[in-house]
Amino acid sequence: MQMNTSPRGGIRLTRRGRFALVLAGAAVVAGTAVAVPLLTAKGGHKVVAKPPTLVVPEGWRASQVYDAIDKALKLPAGSTSKSIGKARLPLPGEAGGNPEGYLFPATYPLPKGTTPESLLRSMVHTAGKRFEAAPVAAGAQRTSINLYQAVTIASIIQAEAATKADMGKVARVIFNRLNQGMPLQMDSTINYAMNRITVHTTEDDTRVESPYNSYQRMGLPPTPIDNPGEEAMRAAYNPPSGDWLYFVTVKPGDTRFTADYATHLRNVAEFNALHQSAAPAPTPSGSPLPSAASSEPSLR
């Protein structure tokens, strides 16, 4: 989370400076990894290949999962998204039939006869089992959030944390801002609203009309913004103690969390100094606007 100041002096959190490996909607299909020899009736050997599998990485959005299923099952584009209504997914009532957040990241076998509906049901069923497992359930008893809220928070953590080690601190920032009545101002929610993935957010972006605009709207977004893994869920239910309100990944492996805005601005300035050659982006909110001829990477 990198936070900036707007020309109006408001505080906003922008997307952390993480360069994520994202396979934009491409199906990750693992082919036959092991050939299993079986004896035939005549004493020979017949090689039976294991079925291919579909790999769903942590943090993929539902739209990416749909595209991957279409490609893995060799279906026309859009087939999986059109099948949601008839898939009879075991989702919580709060989801309103939207499986975002519940397409659990894992490796799924694709035996003959696999359909989009059966694959989606398997993903949602796996999410239900993993999210309600003992470690997560124990954490739920120590918080005042329900499961759907936890999945929503975990999805933001998954999008924002540069490393697994940062997940707990990102969770604490989210809770601290919610508890203090501050908007989350996370660029990951803006990216979701605009159906994109980037580390740059402009002032115009923060004015986009969307229920996912956490710069303009208080509280959590209406749904998860991706499909989080178990580590992000644990962080959502078991954040460490801390007073952090801001964070910025100055460089890979160097994410700085602080409760002091002046300290955060110095961290932001260091990020900007290291990324002067980056694509043009707006001034971090929280710092004065640059001259009209200059621009700086947006930070969280």
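Everything in this summary refers to the structure shown in the same document.

Cut-offs used in this document
- Residues numbered from 1 in each chain as written.
- Predicted model: local features only at pLDDT ≥ 70, side-chain atom pairs only at ≥ 80, totals over all residues.
- Heavy atoms only, no water.
- Buried < 20%, exposed > 50% of the residue type's maximum accessible area, 1.4 Å probe, protein only.
- Helix = DSSP H or I, 4+ residues; strand = E, 2+ residues; numbered from the N terminus.
- Core = buried A, V, L, I, M, F, W, Y, C linked by side-chain atoms within 4.5 Å.
- Contact = heavy atoms within 4.5 Å.
- Axes fitted to C-alpha atoms, helices over the stretch in contact; angles between N-to-C directions.
- Parallel < 35°, antiparallel > 145°, perpendicular 65-115°, else oblique.
- Left-handed = near helix turned anticlockwise from the far one by under 90°.
- Nonpolar A, V, L, I, M, F, W, Y, C, P; charged D, E, K, R; others polar.
- Phe/Tyr/Trp six-rings, centres within 6.5 Å; stacked < 30°, edge-to-face > 60°.
- Polar contact = N/O pair within 3.5 Å; in protein donor to acceptor, adjacent residues only side chain to side chain.

Details of helix 1 (residues 62-72)
Summarising burial for helix 1: 8 of the 11 residues are buried, a large majority. Buried within helix 1 are the following residues: Ala62, Gln64, Val65, Tyr66, Ala68, Ile69, Asp70 and Ala72. Note on helix 1: the residue one or two positions beyond its end, Lys74, has a positive phi of about 55°.

Regarding the nonpolar core
Core analysis: the biggest nonpolar cluster contains 55 residues, and Leu54, Ile69, Tyr102, Leu103, Met123, Ile157 and Ile174 have the highest contact counts within it. Listing elements by their share of this core, those giving two or more residues are helix 1, helix 3 (116-131), helix 5 (147-160), helix 6 (164-179) and helix 8 (230-237). For this core, the leading source of residues is helix 5, giving 8 residues. Not counting chain neighbours up to four residues away, the residues in contact with Ile157 comprise Met167, Val170, Ala171, Ile174, Ala232, Ala235 and Ala236.

Brief notes about the packing of helix 5 against helix 6
Relative orientation and spacing of two packed helices are given, respectively, by the angle between their axes and the distance between those axes. For the pair helix 5 and helix 6, interaxial distance at closest approach is 9 Å and the crossing angle is 125°. Judged by the angle between their axes, helix 5 and helix 6 are oblique. Both helix 5 and helix 6 take part in a crossing whose hand is right-handed. Contacts between helix 5 and helix 6 involve Ile153, Ile156, Ile157, Gln158 and Glu160 on the former and, on the latter, Met167, Val170, Ala171, Ile174 and Phe175. In terms of residue class, the contact of helix 5 with helix 6 is built from 8 nonpolar, 1 polar and 1 charged.

Some words on the packing of aromatic side chains
What the rule picks out here adds up to 7 aromatic pairs. Taking the centre distance of 6.2 Å and the plane angle of 10° together, the rings of Tyr102 and Tyr148 count as stacked. Placement of the pair is Tyr102 in the loop between helix 2 (79-82) and strand 7 (107-109) and Tyr148 in helix 5, with a sequence separation of 46 residues. Residue classification places Tyr102 among the buried residues on the basis of a relative accessible area of 4%.

Re the side chain of Asn213
Along the chain, Asn213 falls in the loop between helix 7 (187-193) and helix 8. You can call Asn213 buried: its relative accessible area is 1%. Side-chain polar atoms of Asn213 contact the backbone oxygen of Thr206, separated by 2.8 Å. In contact with Asn213, other than residues within four places in its own chain, are Ile190, Asp205, Thr206, Arg207 and Val208.

Overview of unusual backbone geometry
The phi dihedral of Arg88 is positive, around 55°, even though this residue is not glycine. Its location among the elements puts Arg88 in the loop between helix 2 and strand 7. Accessibility expressed as a relative area gives 66% for Arg88, which makes it exposed. Even without being glycine, Asn195 reaches a positive phi, approximately 55°. Examined against the element boundaries, Asn195 turns out to sit in the loop between helix 7 and helix 8. The exposed category is assigned to Asn195, whose relative accessible area is 59%.

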